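The residues making up each chain are set out below.
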Amino acid sequence: MTASPATAPKAAADTPKKKPFLTQRQKSKFIDFLFVVPAMALLALFTYYPVAKLVQISLTDWNLLNDTWNFVGLKNWVWLFAGSGAKYLWNSLKVTFLYSLGEIFATLVGGMLLALLFGRMTRSFGAMRAILFVPKYVAMSSCAVVFMWILNTDYGVLNYLLQQVGIAPINWLGDKSTALLSVLMTTCWRVLGYGMMIYLSAMIGISPQYYEAAALDGANKREQFFKITLPLLSPTTLFLLVTTFLSSMKVFQSVDILTSGGPSRSTEVFVYLIYRYAMVDFRMDRAATSAVMFFVILLTITVATMKYSNNAVNYDS
């Protein structure tokens with residue numbers, strides 16, 4: 001007996017609808033994820049895979065002079081911390097941190113002072129700011145070649161000027177006491193203008209109402225600087241601190257051209273130590289071990305700085 005036409009629609013309505021595999025919200029999230037996949041793949045290929053490969057090489061005895069290599073476990077790490085490589089490790093760390101402190105001081109303190117000095121928004125002051133900022137666009141290799149001539153012991157411009165005031169020539173690049181300072185002079189010439197422009201742009205963003213209210217309360221310029229300007233520039237200071245620290249720890253070109261790590265390893269920064277192990281000694285295993293160590297140091301200090309700086313940074317506009 002067949003169902004009547006009157007009861008057929010009712011039977012169709014009673015049939016439960018099939019639940020979709022993905023909701024509309026889930027589909028939207030899945031599509032968003034697909035757009036991220038290419039970037040994640042490139043990041044994994046060119047960042048995470050090389051780091052993993054570096055760790056693997058640090059566990060081998062890979063010497064470029066040999067055709068084969070073997071896994072040796074933690075032998076390279078023992079050599080780096082407890083063997084003959086320990087003294088070079090601590091020396092390079094000391095030199096690198098001294099250099100970083102010098103560059104950070106020049107960028108933060110020098111940049112702040114120049115921003116206060118050239119803060120007037122006039123055409124002449126704008127020209128002077130441009131002159132100070134231009135060295136940032138000059139390649140470090142070109143700067144190093146220029147300063148190699150300036151700091152030359154026999155015919156350098158700096159020693160010539162010192163002789164005019166009765167000071168004997170100084171072996172800037174060949175003396176252990178002045179070699180690192182000479183490298184810092186090259187760096188400071190490039191970074192001072194950069195720090196000035198970053199601080200100046202932040203100072204322009206500070207509302208003048210703060211200074212007007214402080215002046216009505218009787219605060220002088222010095223008090224306004226330490227109570228208003230300096231606290232409101234703390235996010236900018238943190239930005240410059242972190243970026244300058246990372247760039248200064250990775251210094252290489254100026255050291256390579258000016259001193260080649262000498263004299264007596266007095267300017268051998270950590271990156272140059274890695275270069276020496278890989279390209280001079282042909283010990284890729286030791287270079288990889290040092291590179292992994294360097295990566296851990298940078299990561300630890302950066303994370304600690306970002307974590308513990310929130311209490312000292314004022315984000316009020």
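The structure this text deals with has already been given above.
Quick summary incoming for the structure in this document. (Residues numbered from 1 in each chain as written. Predicted model: local features only at pLDDT ≥ 70, side-chain atom pairs only at ≥ 80, totals over all residues. Heavy atoms only, no water.)

With that out of the way, let us pick up the overall build of the chain. Counting secondary structure elements, the chain contains 14 helices and 0 strands. Each helix (α) and strand (β) of the chain, taken in turn from the N terminus, gives the series α-α-α-α-α-α-α-α-α-α-α-α-α-α. Among the 317 residues that make up the chain, the fraction classed as buried is 36%. Sequence-distant contacts in the chain: of pairs separated by 6 or more residues, those separated by 24 or more amount to 66%. Carbon and sulfur atoms form 67% of the exposed surface of the chain, whose accessible area is close to 19,800 Å². (Helix = DSSP H or I, 4+ residues; strand = E, 2+ residues; numbered from the N terminus. Buried < 20%, exposed > 50% of the residue type's maximum accessible area, 1.4 Å probe, protein only. Contact = heavy atoms within 4.5 Å. Areas by Shrake-Rupley, 256 points an atom, 1.4 Å probe, with all protein chains shown as cover.)

What follows deals with the layout of surface pockets. In this structure, the largest pocket encloses a volume near 510 Å³. Where the lining of the largest pocket is concerned, the elements lending two or more residues are helix 4 (86-117), helix 8 (176-204), helix 9 (208-216) and helix 10 (221-232). The element contributing the most residues to the lining of the largest pocket is helix 10, with 4 residues. Per-class residue counts for the lining of the largest pocket are 10 nonpolar, 4 polar and 2 charged. Empty space within the second largest pocket amounts to approximately 220 Å³. Around the second largest pocket sit 17 residues that line it, and Glu 103, Lys 136, Arg 190, Val 191 and Ser 247 are the ones nearest its centre. (1 Å grid on protein atoms, 1.4 Å probe; cavity = no way out; pocket = protein on both sides within 12 Å on 5 of 7 lines; lining within 4 Å. Points joined across faces, edges and corners; volume = space filled by probe spheres on them. Nonpolar A, V, L, I, M, F, W, Y, C, P; charged D, E, K, R; others polar.)

Attention shifts here to the environment of Val 271. Mapped onto the secondary structure, Val 271 falls in helix 13 (residues 270-280). Non-local contacts of Val 271, meaning those with residues more than four positions away in its chain, are made with Met 249, Lys 250, Val 251, Phe 252 and Phe 294.

The relative placement of two packed helices is expressed as an angle between their axes plus a distance between the axes. Interaxial distance between helix 2 (residues 24-57) and helix 14 (residues 284-308) falls to 8 Å at its minimum, and their mutual angle equals 125°. Considering the angle they form, helix 2 stands oblique to helix 14. For the element pair helix 2 and helix 14, the recorded crossing hand is left-handed. Residues Leu 54, Val 55 and Ile 57 of helix 2 form the contact with helix 14, whose own contacting residues are Met 284, Asp 285, Ala 288, Ala 291 and Val 292. Across the contact of helix 2 with helix 14, the residue classes tally to 7 nonpolar, no polar and 1 charged. (Axes fitted to C-alpha atoms, helices over the stretch in contact; angles between N-to-C directions. Parallel < 35°, antiparallel > 145°, perpendicular 65-115°, else oblique. Left-handed = near helix turned anticlockwise from the far one by under 90°.)

What follows covers the packing of helix 4 against helix 11 (residues 234-249). Where helix 4 contacts helix 11, the axes come no closer than 9 Å and their chain directions differ by 145°. Along this stretch, helix 4 crosses helix 11, giving a crossing that reads as right-handed. Here Thr 96, Phe 97, Tyr 99, Ser 100, Glu 103, Ile 104, Thr 107 and Leu 108 of helix 4 lie close against helix 11, whose contacting residues are Thr 237, Leu 240, Leu 241, Thr 244, Phe 245, Ser 247, Ser 248 and Met 249. Residue classes in the contact of helix 4 with helix 11 are distributed as 8 nonpolar, 7 polar and 1 charged.

Quick look at the nonpolar core now. Of all hydrophobic cores here, the largest spans 38 residues; its most connected members are Tyr 199, Phe 270 and Phe 294. Counting only elements with at least two residues in this core, the list comes to helix 3 (75-82), helix 4, helix 8, helix 10, helix 11, helix 13 and helix 14. Beyond its immediate sequence surroundings of up to four residues, Phe 294 is in contact with Met 249, Lys 250, Phe 270, Val 271 and Ile 274. (Core = buried A, V, L, I, M, F, W, Y, C linked by side-chain atoms within 4.5 Å.)

Turning to the packing of aromatic side chains, a few remarks are in order. Using the criterion set out here, one finds 10 aromatic pairs in the structure. Measuring from ring centre to ring centre gives 5.4 Å for Trp 69 and Phe 71, while their planes differ by 80°; the resulting arrangement is edge-to-face. Note on Phe 225 and Phe 226: the rings are 5.1 Å apart at their centroids and 80° apart in plane angle, and the pair reads as edge-to-face. We classify Phe 225 as buried; its relative accessible area is 17%. You can call Phe 226 partly exposed: its relative accessible area is 46%. In this structure, Arg 265 packs its charged tip against the face of Tyr 88, placed 4.0 Å from the ring centre. Taking NZ or CZ as reference, Arg 286 lies 4.1 Å from the ring centre of Trp 79, over its face. (Phe/Tyr/Trp six-rings, centres within 6.5 Å; stacked < 30°, edge-to-face > 60°. Lys NZ or Arg CZ within 6 Å of the ring centre and 35° of its normal.)

So far we have only geometry, and geometry alone does not tell us how the molecule works.
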